[in-house]
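Understanding the architecture of this molecule
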Amino acid sequence: MGVSVRSVRAIIRKELREYRHTRSLIVAMAIFPLIFIIQPLVAVVALAASASESLRHEHVLLYMLGVPTLVPVFIAAYAVAGERQQGTLEPALTTPIRREEFLLGKALAALVPSLVVAYAVYAVFLALVGLFAQPGIASALIQGPDLLAQVLFTPLLACWSIWVGIAVSTRSSDVRVAQQLGVLASLPPVFAVVLIAFNVIPVTPALAIGCAAALLILDALGWRLASRLFDRERLITGTR
Amino acid sequence: MFGFLGPNGAGKTTMVRTLGTLIAPTSGSATVAGFPLAPENGVEIRRRIAIMPESPGLYLRLSILENLECFADLYEVSDPLSRIDRALRAVNLVARAQDACGTLSKGLRQRVALARALLGDPDVLFLDEPTVGLDPVAAHEVHELILGLRERGVTIFLTTHRLEEAERLCDRVAILNTTLRTIGRPDELRDQLFSTALTVRTLVALAEPGRVFTGLPAVGGWQQDGPAVYSLTVSDSVVAAPAVTRALVAAGADVLSIGEKQHSLEDVYLELIDDDTVAARSWA
């Protein structure tokens, strides 16, 4: 089965146009990054230079991977349940688009703003730390491997959250319920990231490679899983 | 144009969704736009049809143009801009292309939905209750658009419970009430269900109507429907009407009118649906 690029692109373009006009989504996309940036920034700026030695053995910045985990789930949870609630799902499904194409378009449309937000928040955080934290603190916090991990794991975690959000969305008739369940379902990776960030789980190259491989596999399976859960008949008639 | 008539809950929308490959049939077979209705033909069928659901289902935050651009891509039409322009012209909405759909009236939204359905130049167009909830002016506009499509040779499958709509627009109709009750041209259905009758009106009641009407050619029977109104069952009105006229004149009657009794599609519908209602009551 070939994927129609034009159909996928149509869904992406439509979604991005809709995001611009959906205030609740924009607010949700802004709130989580603010939560993730403000409190840690205050704490880091307040740190004395003497704390730099202990910081050098931690990976506190990995905590910022919570942003790409939580932001996209809000958008993804809206993907199917939102269309269903608006009554726009049926006309879209009467076109030749396949459910895999429809969901891929939805997922990519959620991925683009999520990555932009996650990378932008991270860049802003680093800039503020560089500007306002004690010099020793900044150099202890900003470590090459952590930066690499942030760059690599951001899309992997975002994809996972998107498929979780879409899967929940296909089984829910209410957007808010879908968003709440989606956030709950995407919390386990956040906990894992926090445990790694604060050295409860020691970081090793093998662990990083293992996590990346597992996420890649989950992301690939996520598309298929979400497609299976996407039952045209149930979504349109509300039965079965 | 084919009309699919039935009361609420009869299964009209379910039939459209089934033929549109949105829901799977539980039994039976169908061919849509030349393809057998089967899961493996879903994409090919949807490529050749368009469905306008009862609710327009537009992206209200987007403009008319943005809605149509999205669907032009989903239908993978070639030269989308000219196709969109043609669809907008067909529903007289070119000047409002940049308006957000959320700002449109119900009638205008129906027109946008119709334009959207026309984008793919479908072989078969399914219209599910296209005028439900519209005021008479908006409904009339939609009727005119549908008639325009029919003249262009588009096959249209119209579901409705508005009988005057079906009578005005459809070449053939089917009446269902969870099961198919009848199918045919409206005039054929009338002929099947109702015998031809003449209605005779005179200025004053006839003294002996039995003597006037009995034995006339093509007249099978008669009954009095009012003080000076008579209903005659006839086998051929062309033969019966002149004979009845001559007999009335010979009897010295002052004839006001002699005309063929007209049965509407509504009479056909009520006759069939009432049968179902009576049957349901007798079961209960």
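Residues numbered from 1 in each chain as written. Chains lettered and ligands numbered in written order. Predicted model: local features only at pLDDT ≥ 70, side-chain atom pairs only at ≥ 80, totals over all residues. Heavy atoms only, no water.

1. Thoughts on the sheet that holds strand β1 (residues 2-5) of chain B
Residue and element names in this part refer to chain B. On the basis of which strands lie adjacent, the open sheet formed by six strands has the order β4-β5-β6-β1-β7-β8 and mixed pairing. Each edge of the sheet is formed by a strand with only one pairing partner; in this case those strands are β4 (49-52) and β8 (179-184). Neighbour-to-neighbour, the strand axes of this sheet turn through a mean angle of 15°, independent of strand direction. Direction of pairing for β1 relative to strand β6 (residues 155-160): parallel, over a ladder of four bridges. Note that in β6 the partner of G3 across the bridge is L158. (Pairing = 2+ DSSP bridges. Helix = DSSP H or I, 4+ residues; strand = E, 2+ residues; numbered from the N terminus. Axes fitted to C-alpha atoms, helices over the stretch in contact; angles between N-to-C directions.)

2. Observations concerning the interface of chain A and chain B
Between chain A and chain B, the contact holds 30 residues from the first and 29 residues from the second. Between chain A and chain B, a total of about 2900 Å² is buried, with carbon and sulfur atoms accounting for 55% of that surface. Of all residues in chain A, R6, T94 and P96 of chain A give up the largest surface area on contact with chain B, accounting jointly for 24% of the area buried on that side. One can count seven salt bridges joining chain A with chain B. Here R17 of chain A ties to E66 of chain B by a salt bridge, and the two come within 3.7 Å at their closest N and O atoms. If you list the elements that add at least two residues to the side of chain A that touches chain B, you get α1 (5-21), α4 (66-86), α5 (89-93) and α12 (232-237) of chain A. It is α1 of chain A that provides the largest number of residues to the side of chain A that touches chain B, a total of 10 residues. (Contact = heavy atoms within 4.5 Å. Buried area = accessible area lost by both parts, 1.4 Å probe. Salt bridge = Lys/Arg side-chain N within 4 Å of Asp/Glu carboxyl O.)

3. What about the packing of helix α8 (residues 144-170) of chain A against helix α9 (residues 175-185) of chain A?
Residue and element names in this part refer to chain A. Two elements in contact, α8 and α9, have axes whose closest approach is 9 Å; the angle formed by their N-to-C orientations is 140°. In terms of orientation, α8 and α9 fall into the oblique class. Of the two possible hands of crossing, α8 and α9 adopt the one that is right-handed. Contacts from V164, V168 and S169 of α8 reach α9 at A178, L181, G182 and A185. Of the residues that constitute the contact of α8 with α9, the class distribution is five nonpolar, two polar and no charged. (Parallel < 35°, antiparallel > 145°, perpendicular 65-115°, else oblique. Left-handed = near helix turned anticlockwise from the far one by under 90°. Nonpolar A, V, L, I, M, F, W, Y, C, P; charged D, E, K, R; others polar.)

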